[in-house]
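Working through the structure, step by step
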Amino acid sequence: MAERIEQRLEDRVPELEQLERVGLFTRKEIKAVLRRASALEYKIQRRALRKEDFINYIQYEINLLELIKKRRARTGYSFKKDEIEISILHRIHSLFNRAIGKWKEDVQLWLSHVAFCKQWNAKHQLSKVFSSMLAIHPDKPALWIMAAKWEMETRLSSENARHLFLRALRFHPECPKLYQEYFRMELMNAEKQRKEKKEFERAKMDLGEFSYSEEILNGEMARIVYRDAAQKIKGVEFHLAVLSIAKLFDFTQDLQKEILERYGVFSLQTTFADDPLTWDYMARRELELGSLQSTEHITKQTKVSEMTQREERCSAVFEEAVKAVPTEDMWKYYITFCLERYNRKTNSEELKQKRLERTLSVFNKAHESSLLPEALYKQWLQLLLEFNLFEKATEVGEAATKRFSLSGETWQMRLQVLIQLKSDDVTQCFEEAIKHMKSQGTLPIWTLWVEWSEGMKSKEDTEAVYQRSLHATTRAESVTMKEKYLDWTYRNSGYKKVRRVFTSLCENGPFSLDFFRKMIQIAKEQESCNMLHLREYYERALREFGSTDSDLWLDYIKEELSHPQGKPENCGSIHWRAMKMLQGDLVEDFVSKYTLLQTGHL
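The structure displayed is predicted, hence computed values, not measured ones. (Residues numbered from 1 in each chain as written. Predicted model: local features only at pLDDT ≥ 70, side-chain atom pairs only at ≥ 80, totals over all residues. Heavy atoms only, no water.)

1. Let's talk about the overall build of the protein chain
Counted only if it meets this: The secondary structure listing takes helices from DSSP runs of H or I that are at least 4 residues long and strands from runs of E that are at least 2 residues long, numbered from the N terminus. Note on method: radius of gyration uses C-alpha positions; expected globular size equals 2.2 Å times residues raised to 0.38. Type-normalised accessible area, obtained with a 1.4 Å probe on protein chains alone, sets the label of each residue: buried when under 20%, exposed when over 50%, and partly exposed for intermediate values. Any two residues having at least one pair of non-hydrogen atoms within 4.5 Å are treated as being in contact. Residue-level accessible areas treat just the shown protein chains as cover; the underlying method is Shrake-Rupley with a 1.4 Å probe. Positive residues here are Lys and Arg, negative ones are Asp and Glu, while His and the chain termini are left out of the count. Where a charge lies is defined by one atom per residue type, namely NZ (Lys), CZ (Arg), CG (Asp) and CD (Glu).
Summing up its helical and strand segments, the protein chain has 30 helices and zero strands in all. A compact globule built from 602 residues should have a C-alpha radius of gyration of about 25 Å, whereas the protein chain, at 33 Å, is more than 25% larger. Each principal axis of the C-alpha atoms in the protein chain carries an extent, and together these give about 90 × 75 × 45 Å. Relative to its full complement of 602 residues, the protein chain shows a buried share of 46%. Nonlocal contacts in the protein chain, meaning residues at least 24 apart in sequence, comprise 60% of its contacts between residues at least 6 apart. Total accessible area computed for the protein chain in this model is approximately 32600 Å², and 50% of it derives from carbon and sulfur atoms. Computing the positive centroid from 96 side-chain charges and the negative centroid from 92, the protein chain places the two 3 Å apart.

In structure tokens:
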């Protein structure tokens, strides 16, 4: 293994020499790169390989590339790229290939390689990556779409993109998203060819050698894709999605007509009358059915009046919809429409006011019908607070927690409203929330309570809340409260008090590693850092995490070596204990890091 590592480091020497020779790196920096590369290389040559080690190595090499790029820009030196960057790029691709070979099922690893290839314009390599990735993961439509889009948009190859979509549909013959993107690709290809043809005609060039199929130019390929999909995919959502794609292209009027005829308004109303998406489509169509008047000499007031009428027609359809399909989903579509219109910019105060009134009215109707989705209460409250409707906001917050009494998010929302309004009922509301929620999932409530108390109450009151939270939360959630309690105590009462609190908290587990590391950091921040205290904190931490964290042992050893009151002779004993306690691959990890520490490379 040592020989292999040595060889890999020697392979780096030419590029590092070039970096120093051309003045992009100093001798000191070159040595630092070699030290870091040695440590990273050691980790990926072990018997027990870890994915994180490959990721860290790859990220280091990418950071190195970025640094070289910045220094080239600063110095204006652009030569020797073959000897420097190309060598690093090859090494990164090699690292990705090794990692992917070991962890083929990790899609994120594949996507990281794809992103790297795109960033550094490695088209040939990316083509190979896509090919291998799709062979391993043919069951993921999103990957087929990504590869086809790259072929179409980057390599400008509609043939390759089409081939990929057809292969994908053999694996996923009823996937709506694949058909939608295939449909979009064929329309994009038609649009591209139409523009090319127009440019040639404008330049009065002979089109003899270029063959432009009228069928492709008119979107016939997209029509074929749609017809094939329509036989396999039922349901209104797909057809409306395809229609919205077709509307993006100005030569698809006939195609849009066919889609509407196949799933037109009458068909939608009869076939999908119970589908909220159908009603949403029919309501929004009223926005498109504008006036037939010429737009050349219309006044601003006329435009506002016309838009008001259109939106009222939409609203009328939605009102019919919530009666025909009285569900949370239907109200959600209606409210989403109202919010979209309200957030739309307009210079007309009258129109803006009508949109606001409509939105608040629809929120209220949905609430009174007990069909307002939980997530939308937050948006309603934000709107009420924005317009200083504080009494209504308080009322809505209370109603929401009655309806969703076991929802931590809803209680948080109500509490945040009361805190913002500086209400006298905040403490009472916290008590109600804890009472309803019991102990499960109350961590966000306790976190909010202590944060509010820190700013509004005395230290004694805040400490009492912290103490209560430790007993009222689940064991897992109490871990976070212990960390917060420790941090708050140190900030407000200093080292002596936090040491007492730490000792008290250590009586009842569980703990997090961060809890102990926080206390170690606090001790090190003291003007006269006591090594006896540090040893106590490390020993307590090792009782809990000594078998699962090799870095904790290494930090303890470093402390003994570097602290003025440290005892380097203790290091052997600590090392022996670590070897006995650490489990599995962590022993090898500890040994490699300890070796680097002894040689001054860590």
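2. Re the pattern of salt bridges
For clarity, the threshold we go by: We count a salt bridge whenever a side-chain nitrogen from Lys or Arg sits within 4 Å of a carboxyl oxygen from Asp or Glu.
Scanning the entire structure with this criterion turns up 53 salt bridges. Each of Arg46, Arg50, Asp53, Asp551, Asp589 and Lys593 takes part in salt bridges that share partners, so that together they form one network.

3. So, the domain arrangement of the protein chain
Here is the rule: As annotated, the domain borders come from an automatic or database domain assignment. Reported buried area values correspond to the accessible surface (1.4 Å probe) lost by two parts on association, with both partners' losses combined. Here a polar contact means two N or O atoms within 3.5 Å. Within protein one must be a hydrogen donor candidate and the other an acceptor candidate, and residues neighboring in sequence count only if both atoms are side-chain atoms. Each residue is assigned to one class: nonpolar for Ala, Val, Leu, Ile, Met, Phe, Trp, Tyr, Cys and Pro, charged for Asp, Glu, Lys and Arg, and polar for all the others, Gly among them.
Domain assignment breaks the protein chain into domain 1 (1-103) and domain 2 (524-601). A separation of 30 Å is found between the C-alpha centroids of domain 1 and domain 2. On the side of domain 2, seven residues touch domain 1, which itself brings eight residues to the contact. Summing the contributions of domain 1 and of domain 2, the shared interface buries around 760 Å²; its carbon and sulfur component is 57%. By the criterion of area lost to domain 2, the three top residues of domain 1 are Arg35, Arg46 and Ala48, representing 47% of everything that side buries. In this structure, the connection of domain 1 to domain 2 is made through one salt bridge. Its salt-bridge partner being Asp589, residue Arg46 comes within 3.2 Å of it at the nearest N-O pair. Counting across the interface, domain 1 meets domain 2 through one residue pair in polar contact (both at pLDDT 80 or more). For the side of domain 1 that touches domain 2, the residue count by class is three nonpolar, no polar and five charged.

4. Re the environment of Arg170
Here Arg170 is to be found in helix α8 (residues 158-171). In the structure, Arg170 is positioned 32 residues away from Pro138 in sequence and 10.0 Å away in space, judged by C-alpha atoms.

5. Focus on the packing of helix α7 (residues 141-153) against helix α9 (residues 176-202)
Rules: Angles run from 0 to 180 degrees between N-to-C directions of axes, and those axes are lines fitted to C-alpha atoms, restricted for helices to the stretch in contact. Here the angle decides the label: under 35 degrees means roughly parallel, over 145 means roughly antiparallel, 65 to 115 means roughly perpendicular, and every other value means oblique.
Between α7 and α9, whose axes approach to 10 Å, the crossing angle comes to 5°. Considering the angle they form, α7 stands roughly parallel to α9. Facing α7, whose interface residues are Pro141, Trp144, Ile145, Lys149, Met152 and Glu153, α9 presents Lys177, Leu178, Glu181, Met185, Met188 and Asn189.

6. Here we look at helix α29 (residues 571-581)
What counts here: Directions from the helix axis toward the C-beta atoms define the arc.
Among the residues of α29, those classed as buried are Cys571, Ile574 and Ala578. Each buried residue of α29 lies within a common arc of 60° when the element is viewed along its axis, so the set occupies one face. Facing away from the buried surface of α29 by more than 90 degrees, the exposed residues are Trp576 and Lys580. Against α28 (550-562) and α30 (586-598) lie the buried residues of α29.

7. Topic: the UniProt feature "domain: U3 small nucleolar RNA-associated protein 6 N-terminal" (unreviewed entry) in the protein chain
Worth spelling out the cut-off: UniProt positions are given in the numbering used here, feature names are shortened, and annotations may be inferred rather than shown by experiment.
Residues given the UniProt feature "domain: U3 small nucleolar RNA-associated protein 6 N-terminal" (unreviewed entry) here are residues 9-91. What you have in residues 9-91 is 75% helix and 0% strand, and the ends, taken at the C-alpha atoms, are 12 Å apart.

8. A few points about the packing of aromatic side chains
Heads up, the rule is: Note on aromatic contacts: the rings of Phe and Tyr and the six-membered ring of Trp form a pair at centre separations within 6.5 Å, being stacked when their planes are under 30 degrees apart, edge-to-face when over 60 apart, and tilted otherwise.
Here the structure, examined in full by the defined rule, presents 29 aromatic pairs. Ring centres of Phe363 and Trp380 lie 5.6 Å apart, and the angle between their planes is 0°; this geometry places the pair in the stacked category. Highlighted residues: Phe363 in helix α18 (residues 349-368) and Trp380 in helix α19 (residues 374-386), separated in sequence by 17 residues. Taken as a pair, Phe363 and Trp380 share a single burial class, namely buried. Both rings, one in Phe590 and one in Tyr594, keep their centres 5.8 Å apart while their planes meet at 20°; by these two values the pair is stacked. Pair noted here: Phe590 and Tyr594 are both in helix α30, with a separation of four residues, about one helical turn.

9. A word on the side chain of His137
With respect to the helices and strands, the residue His137 is situated in the loop between α6 (123-136) and α7. Take His137: its relative accessible area is 1%, and that puts it in the buried class. A distance of 2.9 Å separates the side chain of His137 from the backbone oxygen of Lys104, its partner in a polar contact. Among all residues touching His137, those that are not within four sequence positions of it are Lys104, Glu105, Val107, Trp110, Leu143 and Trp144.

10. Comments concerning the environment of Asp487
Its location among the elements puts Asp487 in helix α25 (residues 475-505). Measuring from C-alpha to C-alpha, the distance between Asp487 and Phe590 comes to 30 Å, with 103 residues separating the pair along the chain. In this structure the side chain of Asp487 is engaged in a polar contact, spanning 3.3 Å, whose partner is the side chain of Lys518.

11. Quick notes on the confidence of the model for the protein chain
Quick note on the threshold: Within a predicted model, pLDDT stands for the predictor's per-residue confidence, ranging from 0 to 100.
Mean pLDDT over the protein chain works out to 91, with 95% of the residues at or above the 70 mark. α7 holds the highest mean pLDDT among the elements of the protein chain, 97, whereas helix α14 (residues 265-271) holds the lowest, 52.

12. Brief notes about unusual backbone geometry
Look at the link from Gly509 to Pro510: it is a cis peptide, with omega at 0°. With respect to the element layout, Pro510 can be found in the loop between α25 and α26 (513-524). Backbone geometry places Lys80, a non-glycine residue, at a positive phi of 60°. For Lys80, a relative accessible area of 35% gives the class partly exposed. For Leu156, which is not a glycine, the phi torsion comes out positive at approximately 55°. Among the structural elements, Leu156 can be located in the loop between α7 and α8.

13. Notes on the packing of helix α23 (residues 443-456) against helix α24 (residues 459-472)
At their nearest, the axes of α23 and α24 sit 9 Å apart, and the two run at 170° to each other. Compared by their axis directions, α23 and α24 come out roughly antiparallel. Only Asp461, Thr462, Val465, Tyr466, Arg468, Ser469 and Ala472 of α24 make contact with α23, whose side of the interface consists of Trp446, Trp449, Val450, Ser453 and Glu454. Residue classes in the contact of α23 with α24 are distributed as six nonpolar, three polar and three charged.

14. Regarding the state of the cysteines
Short version of the rule: Note on disulfides: each one is a pair of cysteine sulfur atoms within 2.5 Å.
Taken as a whole and judged by the stated rule, the model has zero disulfides. Counting only cysteine sulfurs, Cys571 is the nearest neighbor of Cys529, a cysteine outside any disulfide, at a range of 16 Å.

15. Examining the environment of Glu454
Topologically, Glu454 is positioned in helix α23. Its relative accessible area of 29% is what places Glu454 among the partly exposed residues. For the pair Glu454 and Arg284, spaced 170 residues apart in the sequence, the C-alpha separation amounts to 49 Å. Setting aside chain neighbours within four positions, we find Glu454 in contact with Thr462, Tyr466, Trp488 and Arg491.

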